Amino acid sequence: YQFADDSMMGREAGTRGNVMATDFVAREMARMGLRPAGENGTWFQTVPIFIASMDTARALNVEGATLAYGTDWLPFHWQFGGGNLPRGTGTKSLDGVRVIYGGTVGSGNLVSPAAAEGRLVVFSVPVSPTTGRRDWRFATFGPLTQYAGAAGIAAIGLDVVPRSTRGRLHGPQAFVNGEAIPSVPAPISLLITPEAARAMFGVASVDSLTTGQEGRIVRGNIAFVDAPAPYPSRNVIGILPGSDPALRGEYVAIGAHNDHIGLTRRPLDHDSVLANNMVVRRQGVQDTVRMP
């Protein structure tokens with residue numbers, strides 16, 4: 001209970017909450033009589049972490065039209081089912097890159113990876129069958145892993161992302177020893193507005209685009225700035241000695257992660273409100289009242 005308490009502030013690596021949590025683990029290990037096995041006789045092994053954040057002064061340009069960060073586009077950390085495609089660090093250049101329309105994700109009619117090579121590939125996001133609106137969460141992005149050779153991947157969906165959520169889309173990305181986790185080659189990934197897409201293709205409506213249709217040339221680049229995390233990230237290591245002298249040089253390692261997801265900037269429903277919305281009236285006030 002102490003470890004998961006709100007006072008630990010979510011235990012995100014590189015934050016004060018994680019330092020408090022690892023201090024707690026070390027105190028418990030000492031109380032139980034374990035031996036410290038960290039650095040220099042301590043309980044702790046420091047894991048260097050750097051935070052990569054956006055250079056918000058950067059802008060993209062398409063034939064004289066300026067596409068501003070935060071208004072027309074945002075970098076986005078795609079979720080690909082079994083793994084993540086990281087945003088990367090340093091500068092990602094889109095200068096002189098041709099735009100190409102990739103189709104609607106999940107439609108089965110997508111641009112070929114060969115045609116997407118070195119291009120900024122713009123995809124439309126699927127329409128939710130329940131609401132009839134474009135779903136910014138587009139859970140069917142698994143096939144896009146085949147576009148690793150593209151200069152960038154963009155989805156037309158920024159206009160339907162709630163403003164309260166946008167901070168999570170372009171917030172800091174953790175790096176260990178300067179390397180993104182996981183460290184794999186990846187194109188820059190963006191969310192863009194329909195207006196930005198129209199500027200990229202020079203069309204009046206994005207609905208008129210056809211798969212493989214080429215657009216204009218994008219100028220500019222996107223940069224990430226590395227900074228040390230404000231607090232250390234630490235492993236806590238304690239040893240419980242065995243009783244068999246013959247096995248004195250052998251160790252059984254048992255591990256668990258001590259960090260968690262930190263604090264969200266997004267307000268959450270109180271538990272009772274959430275229970276009412278999810279159980280009693282799951283689909284809103286027009287829904288049949290269920291027994292809680």
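Scroll up for the structure.
Reference entry: report on the structure contained in this document. Per chain, residue numbering runs from 1 following the sequence as it is written. Whole-chain, interface and lining totals are the exception, using all residues; otherwise, since this is a predicted model, local features are given only for residues with pLDDT of at least 70 and side-chain atom pairs are given and counted only at 80 or more. Where side-chain values are given, they derive from all heavy atoms of the structure, hydrogens and water being excluded.

**Examining the side chain of Asp72**
Argument step 1. With respect to the element layout, Asp72 can be found in the loop between β5 (65-68) and β6 (73-75).
Argument step 2. Summary of the burial criterion: residues with accessible area below 20% of their type's maximum are buried, those above 50% are exposed, and those between are partly exposed, where the area comes from a 1.4 Å probe applied to protein chains only. Asp and Glu are treated as the negative residues and Lys and Arg as the positive ones, with His and the ends of the chain left uncounted. Salt bridges are identified by distance alone: a Lys or Arg side-chain nitrogen within 4 Å of an Asp or Glu carboxyl oxygen. Arg198 provides the closest opposite charge to the buried, unpaired Asp72, separated from it by 9.1 Å.
Argument step 3. Of the polar contacts made by the side chain of Asp72, one reaches the backbone nitrogen of Ala68; its length is 2.7 Å.
Argument step 4. Every residue in contact with Asp72, bar those within four places of it in the chain, is listed here: Thr66, Leu67, Leu158, Leu191, Ile192, Thr193 and Ala196. Labels follow the DSSP assignment, with helices taken as runs of H or I lasting at least four residues and strands as runs of E lasting at least two, numbered in each case from the N terminus. Counted as a polar contact is a pair of N or O atoms within 3.5 Å, where, for protein atoms, one must be capable of donating a hydrogen and the other of accepting one, and residues adjacent in sequence contribute only when both atoms are in side chains. Contact definition: two residues touch when any of their heavy atoms are within 4.5 Å.

**Description of the packing of aromatic side chains**
Argument step 1. Here a Phe, Tyr or Trp ring, Trp counted by its six-membered ring, pairs with any other such ring whose centre lies within 6.5 Å, and the pair is stacked when the planes are under 30 degrees apart, edge-to-face when over 60, and tilted otherwise. The final tally for this structure, using the stated rule, is 4 aromatic pairs.
Argument step 2. Measuring from centroid to centroid gives 6.2 Å for Tyr101 and Phe201, while their planes differ by 85°, and the two rings are edge-to-face. Taken together, the residues span a long stretch of sequence, with Tyr101 in strand β10 (residues 97-104) and Phe201 in helix α4 (residues 194-201) at a distance of 100 residues. Of the two residues, Tyr101 and Phe201, neither departs from the other in class, the shared state being buried.
Argument step 3. Ring geometry for Phe123 and Tyr147: centres 5.5 Å apart, planes at 55°, overall tilted. Note that Phe123 is positioned in strand β11 (residues 120-124) and Tyr147 in the loop between β11 and β12 (152-156), a separation of 24 residues in sequence.

**What about the pattern of salt bridges?**
Argument step 1. Following the criterion strictly, the structure yields 5 salt bridges and no others.
Argument step 2. Of the charged contacts in the structure, one is a salt bridge between Asp23 and Arg234, with a shortest N-O distance of 2.7 Å. With Asp23 in helix α1 (residues 16-31) and Arg234 in strand β18 (residues 233-236), the pair connects residues that are 211 residues apart, well separated along the chain.
Argument step 3. Overall, the relative accessible area of 11% leaves Arg234 in the buried class.
Argument step 4. Put simply, Glu28 and Arg31 hold a salt bridge, and the shortest N to O gap is 2.8 Å. Here the residue Glu28 and the residue Arg31 both occupy positions in helix α1, the gap between them amounting to 3 residues, near one helical turn.
Argument step 5. Residue classification places Arg31 among the exposed positions, given a relative accessible area of 60%.

**Some words on α4**
Argument step 1. For α4, a buried count of 6 out of 8 residues is recorded, marking the element as mostly surrounded by other parts of the structure.
Argument step 2. Three or more residues of α4 are buried, namely Pro194, Ala196, Ala197, Ala199, Met200 and Phe201.
Argument step 3. Positive phi shows up at Gly202, right after α4, with a value of about 65°.

**Describing the nonpolar core**
Most often, soluble globular proteins have nonpolar side chains that are buried together.
Argument step 1. Counting 35 residues, the largest nonpolar core has Trp73, Leu190, Ile192, Met200 and Ile222 as its most contacted members.
Argument step 2. The dominant element in this core, judged by the number of residues it contributes, is α4, at 5 residues. To define a nonpolar core, start from buried Ala, Val, Leu, Ile, Met, Phe, Trp, Tyr and Cys residues and group those joined through side-chain atoms within 4.5 Å.

**Remarks on the pairing of strand β4 (residues 59-62)**
Argument step 1. Of the two faces of β4, only one is covered, namely that formed by Leu60 and Val62; the face formed by Ala59 and Asn61 stays uncovered.
Argument step 2. Bridge count between β4 and β5: 4 bridges; the pairing is antiparallel. Among the inter-strand pairings, Ala59 is bridged to a residue of β5, identified as Ala68.
Argument step 3. Pairing between strands requires that DSSP locate at least two bridges from one strand to the other. Between β4 and β5, which follow one another and run antiparallel, lie 2 residues, and Glu63 among them has a positive phi close to 50°.
Argument step 4. With 2 bridges connecting them, β4 and strand β16 (residues 214-219) associate as antiparallel partners.

**With respect to the sheet that holds β6**
Argument step 1. Taken in spatial order, the 8 strands make up an open sheet running β5-β4-β16-β10-β11-β12-β15-β6, and their pairing is mixed. Every other strand in the sheet has two partners, leaving β5 and β6 as the edge strands with one partner each. The average undirected angle you get between the axes of adjacent strands in this sheet is 30°.
Argument step 2. Two elements, β11 and β12, share 5 bridges in a ladder whose sense is parallel. Considered in β12, the bridge of Leu120 is made with Gly152.
Argument step 3. This element, α4, spans β4, β5, β10, β11, β12, β15 (188-192) and β16 of the sheet and lies at about 100° to β16. Helix axes use the C-alpha atoms of the stretch in contact, all axes being lines fitted to C-alpha atoms, and the angles between their N-to-C directions lie in the range 0 to 180 degrees.

**A look at the side chain of Thr193**
Argument step 1. Tracing the sequence through the fold places Thr193 in the loop between β15 and α4.
Argument step 2. Its relative accessible area of 7% is what places Thr193 among the buried residues.
Argument step 3. In contact with Thr193, not counting residues within four places along its chain, are Thr71, Asp72, Ile156, Leu158 and Asp159.

**Things to note about the environment of Asp23**
Argument step 1. Of the residues examined, Asp23 reaches a relative accessible area of 28% and is grouped as partly exposed.
Argument step 2. Along the sequence, Asp23 and Val236 sit 213 residues apart, while their C-alpha atoms lie 8.5 Å from each other.
Argument step 3. Those residues within four positions of Asp23 in sequence are excluded, and the remaining contacts are Phe44 and Arg234.

Interpretation note: all reported values are geometric properties and have no functional meaning in isolation.
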